[in-house]
Amino acid sequence: MAAKITASVYTSHVPAIGAALDLGKTADPYWQPVFKGYDYSKQWLKDEKPDVIFLVYNDHASAFSLELIPTFAIGCAAEFRPADEGWGPRPVPTVIGHPELAAHIAQSVIQDDFDLTIANKMDVDHGLTVPLSLMCGPQDPVHGAWPCPVIPFAVNVVQYPVPSGRRCFMLGQAIRRAIETFDTDLKVQIWGTGGMSHQLQGARAGLINRDWDNAFLDRLIEDPEGLSRVPHIDYVREAGSEGIELVMWLIARGAMADIHGGPKPTVKHRFYHVPASNTAVGHLILEEC
Ligand code: DHB
Ligand code: FE
């Protein structure tokens, strides 16, 4: 009896997608192609019925500020309230955690030489709630609920210094070892979120790099080890200052079986679309064989 990772999901977290959902604009010609890219994913998630989602995301100064900047923070609380910059807290259900599994992962990963910050109270912003909305569809904030408990795992990709892709990839491997030693039968999905190319400020604001994004998706599937060696300056140069969010995808990828001597995952779904606000939207579902 043990928990096991069944799949990994990768998706952008554009805050304007949350606003489009919350303001009833999903059928607008601008947004329709974005949401269409997730039709398959919503049905897939319903069919898969995970018991827990380990959701790697970044906070945008909603839970943390410049006063305290954890590189990696694991949410060990029983629940996490929506909060946000910009449009404010989204009208979505409170996120229910899984304190037992989160505490086990913290214990295992810290003993496995990674420094995690334990968050027993943490609000979650669009970095976490937009991927949930895209994958689960709209949820009523009062009567609705997300389909399963979620362990939020916040990565600092906002304030320098940020962790390298290599460190993220190795951390994903430690997270797999942790999940596999939790002695309860649980189907766990790991999600890597943020990206793809975008830059929100400065002379290059609005930068999108389709070729680089698609090469990133190819390499994430076929050559994650090589991809993990790309230095952070390449992300910034090629994918824009906020493109660095993509290192979070390597945490989820490092947790897949093939990195640990097992079979390659199956590509269940791949989607790429420009534009969505200032961001290229990328999305991938990899299922364990
Ligand atoms: C946008 C994208 C982000 O990742 C973010 O955190 C804020 C804004 C944008 O495209 O506008
Ligand atoms: Fe962001």
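Up top is the structure.
In what follows, the accompanying structure is described. (Residues numbered from 1 in each chain as written. Chains lettered and ligands numbered in written order. Predicted model: local features only at pLDDT ≥ 70, side-chain atom pairs only at ≥ 80, totals over all residues. Heavy atoms only, no water.)

1. Here we look at the side chain of Ser-12
Now for step 1: Relative to the helices and strands, Ser-12 is located in the loop between strand 1 (3–11) and helix 1 (15–22).
Now for step 2: Taking the relative accessible area as the measure of exposure, Ser-12 reaches 0% and is therefore buried.
Now for step 3: Here the side chain of Ser-12 touches Gly-195 through a polar contact of 3.1 Å, landing on its backbone oxygen.
Now for step 4: A distance of 3.0 Å separates the side chain of Ser-12 from the backbone nitrogen of Gly-282, its partner in a polar contact.
Now for step 5: Leave out the neighbours within four places in its chain, and Ser-12 touches Tyr-38, Pro-131, Leu-134, Gly-194, Gly-195, Met-196, Trp-249, Ala-280, Val-281 and Gly-282. (Helix = DSSP H or I, 4+ residues; strand = E, 2+ residues; numbered from the N terminus. Buried < 20%, exposed > 50% of the residue type's maximum accessible area, 1.4 Å probe, protein only. Polar contact = N/O pair within 3.5 Å; in protein donor to acceptor, adjacent residues only side chain to side chain. Contact = heavy atoms within 4.5 Å.)

2. Some remarks on the packing of helix 3 (residues 39–48) against helix 5 (residues 126–136)
Now for step 1: The contact between helix 3 and helix 5 brings their axes to 7 Å, and the two run at 85°. Put simply, helix 3 runs roughly perpendicular to helix 5. Listed contacts from helix 5 to Ser-41, Lys-42, Trp-44 and Leu-45 of helix 3 are Leu-134, Met-135 and Cys-136.
Now for step 2: Here the contact of helix 3 with helix 5 is composed, by residue class, of five nonpolar, one polar and one charged. (Axes fitted to C-alpha atoms, helices over the stretch in contact; angles between N-to-C directions. Parallel < 35°, antiparallel > 145°, perpendicular 65-115°, else oblique. Nonpolar A, V, L, I, M, F, W, Y, C, P; charged D, E, K, R; others polar.)

3. Some words on the pairing of strand 9 (residues 266–276)
Now for step 1: Alignment of strand 9 against strand 10 (residues 279–287), held across eight bridges, turns out to be antiparallel. Across the sheet, the residue bridging to Tyr-272 is Gly-282, located in strand 10.
Now for step 2: Hairpin connection between strand 9 and strand 10: a loop of two residues separates the two successive antiparallel strands, and Ser-277 in this loop has a positive phi of roughly 55°. (Pairing = 2+ DSSP bridges.)

4. Considering helix 4 (residues 99–111)
Now for step 1: The end-to-end C-alpha distance of helix 4, which contains 13 residues, comes to 18 Å, matching closely the 18 Å that a straight helix rising 1.5 Å per residue would cover.
Now for step 2: The complete set of buried residues in helix 4 reads Leu-101, Ala-102, His-104, Ile-105, Ala-106, Ser-108 and Val-109. (Expected span 1.5 Å × (residues − 1).)

5. Here's the deal with unusual backbone geometry
Now for step 1: The peptide bond linking Gly-195 to Met-196 adopts the cis configuration, its omega dihedral lying at -10°.
Now for step 2: Counting through the fold element by element, Met-196 comes out in the loop between strand 8 (186–193) and helix 7 (210–222).
Now for step 3: Following Val-274, the chain continues into Pro-275 via a peptide bond in cis, with omega recorded as 5°.
Now for step 4: Its place among the elements puts Pro-275 in strand 9.
Now for step 5: Of note, the phi angle at Ser-277 is positive, near 55°, even though the residue is not glycine.
Now for step 6: Relative to the assigned elements, Ser-277 resides in the loop between strand 9 and strand 10.

6. Some thoughts on the layout of surface pockets
Now for step 1: When its volume is computed, the largest pocket comes out at roughly 580 Å³.
Now for step 2: Together, 34 residues line the largest pocket, and Pro-15, His-60, Glu-85, His-126 and Leu-200 are the ones closest to its centre.
Now for step 3: It is helix 1 that provides the largest number of residues to the lining of the largest pocket, a total of five residues.
Now for step 4: Looking at the lining of the largest pocket residue by residue, the class counts come to 14 nonpolar, 14 polar and six charged. (1 Å grid on protein atoms, 1.4 Å probe; cavity = no way out; pocket = protein on both sides within 12 Å on 5 of 7 lines; lining within 4 Å. Points joined across faces, edges and corners; volume = space filled by probe spheres on them.)

7. Description of the side chain of Arg-176
Now for step 1: Assignment of secondary structure puts Arg-176 in helix 6 (residues 165–180).
Now for step 2: Ignoring any residue separated from it by four or fewer positions in sequence, one finds Arg-176 in contact with Ile-5, Ala-255, Met-256, Ala-257, His-260 and Glu-288.

8. Points about the site of ligand 1
Now for step 1: Looking at ligand 1, the residues that line it are His-13, Val-14, Pro-15, His-60, His-126, His-198, Leu-200, Glu-245, Ser-277, Asn-278 and Thr-279.
Now for step 2: Between ligand 1 and the protein, one listed contact pairs an oxygen atom with a side-chain N or O atom of His-60 at 2.8 Å.
Now for step 3: Between ligand 1 and Thr-279, the relevant distance is 2.5 Å, taken from an oxygen atom to a side-chain nitrogen or oxygen of the residue.
Now for step 4: Protein chains shield 89% of the accessible area of ligand 1, which is 300 Å² for the free molecule.
Now for step 5: Of all the cavities here, the one that holds ligand 1 is the largest pocket.
Now for step 6: Taken together, the residues of the shell around ligand 1 break down into three nonpolar, seven polar and one charged. (Near = heavy atom within 4 Å. Areas by Shrake-Rupley, 256 points an atom, 1.4 Å probe, with all protein chains shown as cover. Sits in = over half its atoms within 2 Å of the grid points.)

9. Structural notes on the packing of helix 4 against helix 6
Now for step 1: Contact geometry of helix 4 with helix 6 gives a least axis separation of 9 Å together with a crossing angle of 125°. As far as their axial angle goes, helix 6 and helix 4 are oblique. Once helix 4 is placed against helix 6, the crossing between them reads as right-handed. Listed contacts from helix 6 to His-104, Ile-105, Ser-108 and Val-109 of helix 4 are Leu-171, Ala-174, Ile-175, Arg-177, Ala-178 and Ile-179.
Now for step 2: Of the residues contributing to the contact of helix 4 with helix 6, the split by class is seven nonpolar, two polar and one charged. (Left-handed = near helix turned anticlockwise from the far one by under 90°.)

10. With respect to the pairing of strand 1
Now for step 1: With eight of its nine residues buried, strand 1 lies for the most part within the structure.
Now for step 2: In the sheet, strand 1 pairs with strand 10 via five bridges, with the strands oriented antiparallel. In the sheet register, Val-9 faces strand 10, and the bridge partner there is Ile-285.

Limitation: the analysis is restricted to geometry and does not speak to function.
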